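Residue-level listing of the chains:
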Amino acid sequence: MKQPFSDLVERLALSDEEALEIFQLDALGAIAGEVAHRPEVEILDALTIEAAELLGDVVLGRWVRAGPPAGRPLDLLLAGDFGAFEDALGRRIAEVA
């Protein structure tokens, strides 16, 4: 069974608290997989699958936390700036492709 939310959280090496904050979910809803109202989950899941194939899950998880404070990809996610995260991810993929 496809579980994009939990797969995405694992792929990006997010803590439970970070994932709940990023997608503005409550714990019970997240556990139940009630994320259909957050289309970003499906989009980011698809984008990060490609990145994980190129970089590897461990490197992708490290990249999310890399960089100066307020300049890390994680900070973009926490700020809800999914477009900027997508752009940063695209640049990272271009570096290795």
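From a predicted model like this one, the values you see are computed outputs, not experimental measurements.

**Focus on the nonpolar core**
Part 1 of the reasoning: Counting 26 residues, the largest nonpolar core has F5, L12, L14, F23 and L60 as the members making the most contacts within it.
Part 2 of the reasoning: Excluding anything up to four places from it in sequence, F23 contacts F5, L8, R38, E40, V41, L44 and F82.

**Considerations on the confidence of the model for the chain**
Part 1 of the reasoning: When pLDDT is averaged across the chain, the result is 89; 96% of the residues are at 70 or more.
Part 2 of the reasoning: Put simply, helix α3 (residues 27–31) is where the chain has its lowest mean pLDDT, 77, and helix α6 (residues 73–78) is where it has its highest, 96.

**Thoughts on helix α7 (residues 82–96)**
Part 1 of the reasoning: Here α7 contains 15 residues, and its C-alpha end-to-end distance of 21 Å stays within 8% of the 21 Å for a straight helix at 1.5 Å per residue.
Part 2 of the reasoning: Buried residues of α7: F82, F85, A88, L89, R92 and I93, and no others. Buried positions in α7, seen along its axis, are confined to an arc of 140 degrees and lie on one side of it. Among the exposed residues of α7, those oriented more than 90 degrees off its buried face are R91, A94 and E95.
Part 3 of the reasoning: Buried residues along α7 sit in contact with α2 (16–23), α4 (39–55), α5 (57–65) and α6.

**Focus on the pattern of salt bridges**
Part 1 of the reasoning: Enumeration over the complete set of coordinates arrives at five salt bridges.
Part 2 of the reasoning: The partner of D45 in a salt bridge is R11, and the shortest N-O contact between them spans 2.8 Å. Of this pair, D45 sits in helix α4 while R11 sits in helix α1 (residues 4–11), placing them 34 residues apart in sequence.
Part 3 of the reasoning: D45 sits in the buried class, given a relative accessible area of 3%.
Part 4 of the reasoning: You can call R11 buried: its relative accessible area is 11%.
Part 5 of the reasoning: With a shortest N-O distance of 3.0 Å, E95 and R92 are connected by a salt bridge. Here E95 and its partner R92 are both found in helix α7, three residues apart, which amounts to about one turn of the helix.
Part 6 of the reasoning: On the basis of relative accessible area, E95 is assigned to the exposed category, the value being 58%.

Cut-offs used in this document
- Residues numbered from 1 in each chain as written.
- Predicted model: local features only at pLDDT ≥ 70, side-chain atom pairs only at ≥ 80, totals over all residues.
- Heavy atoms only, no water.
- Core = buried A, V, L, I, M, F, W, Y, C linked by side-chain atoms within 4.5 Å.
- Buried < 20%, exposed > 50% of the residue type's maximum accessible area, 1.4 Å probe, protein only.
- Contact = heavy atoms within 4.5 Å.
- pLDDT = per-residue confidence, 0-100.
- Helix = DSSP H or I, 4+ residues; strand = E, 2+ residues; numbered from the N terminus.
- Expected span 1.5 Å × (residues − 1).
- Arc of directions from axis to C-beta.
- Salt bridge = Lys/Arg side-chain N within 4 Å of Asp/Glu carboxyl O.

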